[in-house]
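# Remarks on the overall topology
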Amino acid sequence: PFIGCAKVTGVRLTDELIQSLMNLQEKLHLTIGRKRVKVAIGVYDIAPLVPPIFYKATDPKDVVFVPLEETEAMNMTQIIRRHKKGREYAFVLDDFDKYPILMDSNETVLSFPPIINSEETRVKDSTTDLFVDVTGTSEEAVNAVLNIMCCALADRYSSIHSVAIEYPDRTVATPD
């Protein structure tokens, strides 16, 4: 139920840096994230996105998109059954009849957390600005992981910008 986000600008990506960020992301998924049960991280090219970004629960058959590393659009039920990451992390969603989705105001899908990102928002070596999200069941863990990701990006001479998160009962700015 929790999310933290950041906008990161001035990123100078190389294939090596992209791989380094993905390795950090996976290590955080396995450790603090407890195999994506506690937290999941998404890193996206911000260029195709139109704010605001929405994090919501939806019927698994209602949203169709092309998952990362694929060319064919699938709904979330199909992703859980057919995509490598879907099969690997399906257990996280076993008790739910609705699945989380992150999309922009044009309904461009960023990701199906904690399973897989969208191919449309893939980070490439030409990407200069990023959107980072961390979703999870612990607000403290979400914020800690977001701060780690932002520090890693700031160490690579990027600028970190806060994002306003609107919960039903409050608004918070992340990262802190």
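So, here's what we can say about the structure. (Residues numbered from 1 in each chain as written. Predicted model: local features only at pLDDT ≥ 70, side-chain atom pairs only at ≥ 80, totals over all residues. Heavy atoms only, no water.)

## A few points about the nonpolar core
Judged by nonpolar contacts, the single largest core of 22 residues is most densely connected at L13, I41, V43, L130, V132 and V134. For this core, the elements supplying multiple residues, two or more each, are strand 1 (2-9), helix 1 (15-30), strand 2 (39-45), strand 9 (130-136) and helix 4 (139-154). Counting residues per element, this core draws most heavily on helix 4, at seven residues. Excluding residues within four positions of it along the chain, V43 makes contact with M22, Q25, N117, V123, L130, F131, V132 and M149. Among the nonpolar cores identified, the runner-up in size contains 17 residues, and V63, M74, L93 and Y99 belong to it. (Core = buried A, V, L, I, M, F, W, Y, C linked by side-chain atoms within 4.5 Å. Buried < 20%, exposed > 50% of the residue type's maximum accessible area, 1.4 Å probe, protein only. Helix = DSSP H or I, 4+ residues; strand = E, 2+ residues; numbered from the N terminus. Contact = heavy atoms within 4.5 Å.)

## A short note on the environment of F2
Following the sequence through the fold, F2 ends up in strand 1. Separated by 21 residues in the primary sequence, F2 and N23 have C-alpha atoms spaced 23 Å apart. If we skip the residues at most four places from it in the chain, F2 touches Y55, V134, T135, G136, T137, S138, E139, V142, Y167 and R170.

## Observations regarding the sheet that holds strand 6 (residues 99-104)
Pairing in this open sheet of four strands is antiparallel, and the strands run 3-6-7-8 from one edge to the other. Edge strands, defined here as strands with exactly one partner in the open sheet, are strand 3 (53-58) and strand 8 (116-117). Both strand 6 and strand 7 (residues 109-112) contribute to a ladder of two bridges, which runs antiparallel. Bridge pairing in strand 7 places M103 opposite V109. (Pairing = 2+ DSSP bridges.)

## Considerations on the pattern of salt bridges
Any two side chains of opposite charge can pair, on the condition that their charged atoms come close. Counted according to the given criterion, the structure contains eight salt bridges. With its nearest N and O atoms 3.6 Å apart, the salt bridge here joins D45 to K124. With a gap of 79 residues between them, D45 in strand 2 and K124 in the loop between strand 8 and strand 9 connect regions that are remote in the sequence. Overall, K124 belongs to the partly exposed group, its relative accessible area being 38%. Residue R122 is joined to E69 by a salt bridge in which the shortest nitrogen-to-oxygen separation is 3.1 Å. Of this pair, R122 sits in the loop between strand 8 and strand 9 while E69 sits in the loop between strand 4 (64-65) and strand 5 (74-75), and the two are 53 residues apart along the sequence. Among the residues examined, R122 registers a relative accessible area of 26% and is labelled partly exposed. Since its relative accessible area comes to 59%, E69 is described here as exposed. What you see here is one network of salt bridges that share partners, running through E69, E119 and R122. (Salt bridge = Lys/Arg side-chain N within 4 Å of Asp/Glu carboxyl O.)

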